[in-house]
Amino acid sequence: MEHAATQPRTEQIRHAWDALADGYDTHVTPMHAPLAHEAVDHIAIQPGTRFLDVAAGSGALGLAAA
């Protein structure tokens, strides 16, 4: 059984993500920002603390940490 015909091509995946990008920051970031601030409150970041936001998405967690 050949799966290549049913697998999206890299260009199709890229196009799909590009189509979502503009709305992501408009719709997702406002929902994540309050959660990010709550998370940062729980980890007690101090001046000079190094912080890595893996898979940062819109950067809401990194912005809250800053």
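What counts, and at which threshold
Residues numbered from 1 in each chain as written. Predicted model: local features only at pLDDT ≥ 70, side-chain atom pairs only at ≥ 80, totals over all residues. Heavy atoms only, no water. Core = buried A, V, L, I, M, F, W, Y, C linked by side-chain atoms within 4.5 Å. Buried < 20%, exposed > 50% of the residue type's maximum accessible area, 1.4 Å probe, protein only. Helix = DSSP H or I, 4+ residues; strand = E, 2+ residues; numbered from the N terminus. Contact = heavy atoms within 4.5 Å. Patch = residues over 30% accessible without salt bridge, like charges linked within 9 Å, V, L, I, M, F, W, Y side chains within 5 Å. Areas by Shrake-Rupley, 256 points an atom, 1.4 Å probe, with all protein chains shown as cover. Salt bridge = Lys/Arg side-chain N within 4 Å of Asp/Glu carboxyl O. pLDDT = per-residue confidence, 0-100.

Engineer: Can you lay out the nonpolar core for me, pointing to particular residues and giving the numbers?
Structural biologist: Of all hydrophobic cores here, the largest spans five residues; its members are Ala36, Val40, Ala60, Ala64 and Ala65. Looking at this core, the elements with two or more residues in it are helix H2 (29-43) and helix H3 (60-65). The element best represented in this core is H3, accounting for three residues. Filtering out sequence-adjacent residues up to four positions away, Ala36 remains in contact with Ala60, Leu61 and Ala64.

Engineer: Describe a nonpolar patch on the surface, with residues and values.
Structural biologist: On the surface, a cluster of nonpolar side chains totalling about 340 Å² of accessible area is made up of Ile13, Trp17 and Leu20. Along the chain, the position of Ile13 falls in helix H1 (residues 10-27). Exposure remark for Ile13: the relative accessible area of 39% places this residue in the partly exposed category.

Engineer: With reference to specific residues and values, describe the confidence of the model for the protein.
Structural biologist: In the predicted model, the protein carries a mean pLDDT of 86, and 92% of its residues have values of at least 70. Across the protein, H2 holds the top mean pLDDT of 91, while H1 sits lowest at 88.

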